[in-house]
2 protein chains.
Amino acid sequence: MARIKLHEQVRRRIERLIADQAIKPGAQIPAETDLAGEFNVSRTTIRNALNVLEQEGKIERTRGRGTVVRQPRLGQLLGRLLSFTEEMKLRGLTPSNRLIEMTQTVPSTPIRTLLRLDSESVWRIRRVRCANGEPIAIETCYIPWSALNEQDAENLGNGSLYELLGRLGRAPDRSEQSAQAASATPEEAALLNIESNRPVLRFERLSFDANGEPIEFVTSTYRGDKYSFHVLLKR
Amino acid sequence: MARIKLHEQVRRRIERLIADQAIKPGAQIPAETDLAGEFNVSRTTIRNALNVLEQEGKIERTRGRGTVVRQPRLGQLLGRLLSFTEEMKLRGLTPSNRLIEMTQTVPSTPIRTLLRLDSESVWRIRRVRCANGEPIAIETCYIPWSALNEQDAENLGNGSLYELLGRLGRAPDRSEQSAQAASATPEEAALLNIESNRPVLRFERLSFDANGEPIEFVTSTYRGDKYSFHVLLKR
DNA sequence: CAGTGGTCTAGACCACCTA
DNA sequence: AGGTGGTCTAGACCACTGC
């Protein structure tokens, strides 16, 4: 029986209120002390929950004034680590995948270094990622061989890799991600159904499990015209 | 007399230790309880300070194991709101500016809406941003007229806008930023000293002061070959 | 002025790691 | 078993807002 953290329970209940429009965008959320009383937890726990909601862009806090529900204005905000599947669902799109390649190889030295491997092999998984059936991105993902057996790997045609890794006890916990603008190579252009040299967003992501062990290295190429990346920054 | 927050004092002292290599990358930082004893503050205060350092990518915490100084591996990480000037300094580059345009205009409707203006005019400031003398980005920045007088504005050729706004009591506190890949327009290409249609990273940023009032809207176009954007994401 | 979120204290127990 | 960071409590005072 998995123990669910208190502040997570609180967060979900408030998220639910927002999603159901029980508290409408722009409207005020009860004060932190009131929430603490209602949920029968300490104010610290309430604040932990609200910190996450703030980071996700769902609420906005102002000292002396209160906390209000934000009306999402730009696209979906990405302040936390999400899988492609999760992200597309958040944006209200239906994700799907097309598996292009799934092989076991020994990767290049830089990738071996990032994944802290010597000469072990990895799974190399290439997928075209679609939203509402339309190709949005190409993802090439390197998973240490030891993390995945062949049978598990077979389900990846449709499923979420993060979900799978979670069931194996190696859920991603944090990642370093970089983004860069580039031109689509002919191969990318063909897979994404765009012309060569059109602008694309290229991401590299190195993810770690809760032990700080590298669990995946991913490069993704997103169509420049169909995708943008949003963050909330605090001073 | 400005009151400096306790956790900020603590953060700076630890940052100093890291910068001076008194604690080397990979080495362990004293436990939170020990730090609390040393600095004579509560553990909560220590944790507030460490949270920021973690978000900035300077330390890495693992439950049961401890906290170590991260060796920066990718480029500079951007988890917090920085000005161009600050960012370039962090990357060890020398920032400079070339002012292209500085006018007072009434902006288009979408920008008026973002800045919550009716028909008031704004300062429209276009600058080429350079690192070590080389053009890196074009920045077009819209500041509500009321926030800046003509004399202040004159210093912008060389100075930091954020510093100036801070002195006027309207320092940016948070911002919403989006990033997109695109092709350089002929004008952009000329200013950035690249060919037309080369990939660029286009950012839009809407910043707010501590009262939640919009203080600037900025669009920036960065050379795709000279710039990438890094973030640390937590699950 | 009362009410809000921001900061801070001094404890406590837990989950997890290393030895 | 002892030490670590993660969670949580029950208080307190402060800075700021808006009436």
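Further up the page is the structure itself.
Residues numbered from 1 in each chain as written. Chains lettered and ligands numbered in written order. Predicted model: local features only at pLDDT ≥ 70, side-chain atom pairs only at ≥ 80, totals over all residues. Heavy atoms only, no water.

Engineer: Any chance you could explain the protein's contact with DNA strand D here in plain terms?
Structural biologist: What surrounds DNA strand D is a group of 22 residues, the closest being A:L6, A:S42, A:T44, A:T45 and B:R43. Of everything in DNA strand D that lies within 4 Å of the protein, sugar and phosphate atoms constitute 65%. One of the side-chain nitrogen or oxygen atoms of A:R43 is found 3.3 Å away from a base nitrogen of DNA strand D. A distance of 2.9 Å separates a phosphate oxygen of DNA strand D from a polar side-chain atom of B:R47. Those elements giving two or more residues to the surface near DNA strand D turn out to be helix 1 (6-19) and helix 3 (43-55) of chain A together with helix 3 (43-55), strand 2 (59-62) and strand 3 (66-69) of chain B. No other element matches the three residues that helix 3 of chain A contributes to the surface near DNA strand D. (Near = heavy atom within 4 Å. Polar contact = N/O pair within 3.5 Å; in protein donor to acceptor, adjacent residues only side chain to side chain. Helix = DSSP H or I, 4+ residues; strand = E, 2+ residues; numbered from the N terminus.)

Engineer: Help me understand the pattern of salt bridges in this model?
Structural biologist: When the charged atoms of two side chains with opposite charge come close together, those side chains can pair. The tally for this structure, following the rule as stated, stands at 45 salt bridges over all chains. Among the ionic pairs, A:E176 bridges to B:R70, the shortest N-O distance being 2.8 Å. With A:E176 in strand 7 (residues 172-183) and B:R70 in the loop between strand 3 and helix 4 (84-90), this residue pair bridges two chains. Across this residue pair, the class does not change: A:E176 and B:R70 are buried. (Salt bridge = Lys/Arg side-chain N within 4 Å of Asp/Glu carboxyl O. Buried < 20%, exposed > 50% of the residue type's maximum accessible area, 1.4 Å probe, protein only.)

Engineer: Is there a simple way to think about the packing of aromatic side chains in this case?
Structural biologist: We describe a pair of aromatic rings using the distance from one ring centre to the other and the angle between the two ring planes. All names here are of chain B. Using the criterion set out here, one finds 13 aromatic pairs over all chains in the structure. A centroid spacing of 6.2 Å and a plane angle of 90 degrees characterise the contact between F203 and Y227, whose relative ring orientation is edge-to-face. With F203 in strand 8 (residues 199-209) and Y227 in the loop between strand 9 (214-223) and strand 10 (229-234), this residue pair connects regions lying 24 residues apart in the sequence. This pair shows no difference in class: F203 is buried, exactly as Y227 is. Residues F203 and F229 carry aromatic rings whose centres are separated by 5.4 Å and whose planes lie at 70 degrees to one another, so their mutual orientation is edge-to-face. With a gap of 26 residues between them, F203 in strand 8 and F229 in strand 10 connect regions that are remote in the sequence. (Phe/Tyr/Trp six-rings, centres within 6.5 Å; stacked < 30°, edge-to-face > 60°.)

Engineer: Is there a simple way to think about the sheet that holds strand 1 (residues 28-29) of chain B in this case?
Structural biologist: Adjacent strands of a sheet form backbone hydrogen bonds with each other and so pair up, either parallel or antiparallel. All names here are of chain B. Sheet architecture is open: three strands sit in the order 1-3-2, paired in antiparallel fashion. The open sheet has two free edges, formed respectively by strand 1 and strand 2, since each of these has just one partner strand. As paired elements, strand 2 and strand 3 share four bridges and run antiparallel to each other. Looking at strand 3, one finds that R61 is bridged to T67. (Pairing = 2+ DSSP bridges.)

Engineer: Could you clarify how one ought to interpret the protein's contact with DNA strand C in this entry?
Structural biologist: The environment of DNA strand C is made up of 23 residues, and the closest members are A:R43, A:N211, B:L6, B:S42 and B:T45. For DNA strand C, the backbone portion of the atoms within 4 Å of the protein, that is sugar and phosphate, comes to 64%. A:G64 is positioned such that a nitrogen or oxygen atom in its backbone is 3.0 Å from a base nitrogen of DNA strand C. B:H7 is positioned with one of its side-chain polar atoms (N or O) 2.8 Å from a phosphate oxygen of DNA strand C. Elements that contribute at least two residues to the surface near DNA strand C include exactly helix 2 (32-39), helix 3, strand 2 (59-62) and strand 3 (66-69) of chain A together with helix 1 (6-19) and helix 3 of chain B. With three residues, the single largest contributor to the surface near DNA strand C is helix 3 of chain B. Residues that form the surface near DNA strand C fall into these classes: three nonpolar, 10 polar and 10 charged. (Nonpolar A, V, L, I, M, F, W, Y, C, P; charged D, E, K, R; others polar.)

Engineer: Whenever I open this one, unusual backbone geometry confuses me. Can you help?
Structural biologist: Leave glycine aside and you will find that most residues have negative phi; peptide bonds, for their part, are mostly trans. All names here are of chain A. Of note, the phi angle at N40 is positive, near 60 degrees, even though the residue is not glycine. Relative to the helices and strands, N40 resides in the loop between helix 2 and helix 3. With relative accessibility at 72%, the residue N40 sits in the exposed group.

Engineer: Which parts of the structure should I look at to understand the sheet that holds strand 7 of chain A?
Structural biologist: With antiparallel pairing, seven strands are arranged side by side in an open sheet as 4(A)-5(A)-6(A)-9(A)-8(A)-7(A)-10(B). This sheet does not close on itself; its edge strands, each paired only once, are strand 4 (95-105) of chain A together with strand 10 of chain B. Put simply, the sheet's adjacent strands are angled 20 degrees from each other on average, direction ignored. As paired elements, strand 5 (residues 122-131) of chain A and strand 6 (residues 134-144) of chain A share 10 bridges and run antiparallel to each other. When the bridges of strand 6 of chain A are listed, A:W123 appears paired with A:I143. (Axes fitted to C-alpha atoms, helices over the stretch in contact; angles between N-to-C directions.)

Engineer: What should I look at first to understand empty space enclosed by the protein in this one?
Structural biologist: One water molecule sets the probe size; rolling that probe over the atoms shows where empty space is left. Counted under the stated rule, the structure contains five cavities of 30 Å³ or more. Of the voids in this model, the largest cavity is the one considered here, and its volume is about 270 Å³. Along the walls of the largest cavity sit 23 residues, with B:L82, B:F84, B:E139, B:R205 and B:Y222 positioned nearest its centre. Contributions of two or more residues to the lining of the largest cavity are made by helix 4, strand 5 (122-131), helix 7 (161-167), strand 8 and strand 9 of chain B. When residues of the lining of the largest cavity are assigned to their parent elements, the largest contribution, four residues, is made by strand 9 of chain B. Its residues assigned to classes, the lining of the largest cavity shows 11 nonpolar, five polar and seven charged. Considered as a void within the structure, the second largest cavity measures approximately 180 Å³ in volume. Taken together, 16 residues form the lining of the second largest cavity, with A:L82, A:E87, A:Q177, A:R205 and A:Y222 sitting closest to its centre. Secondary-structure elements contributing two or more residues to the lining of the second largest cavity are helix 4 (84-90), strand 8 (199-209) and strand 9 (214-223) of chain A. Of the residues forming the lining of the second largest cavity, the biggest block, three residues, is contributed by strand 9 of chain A. (1 Å grid on protein atoms, 1.4 Å probe; cavity = no way out; pocket = protein on both sides within 12 Å on 5 of 7 lines; lining within 4 Å. Points joined across faces, edges and corners; volume = space filled by probe spheres on them.)

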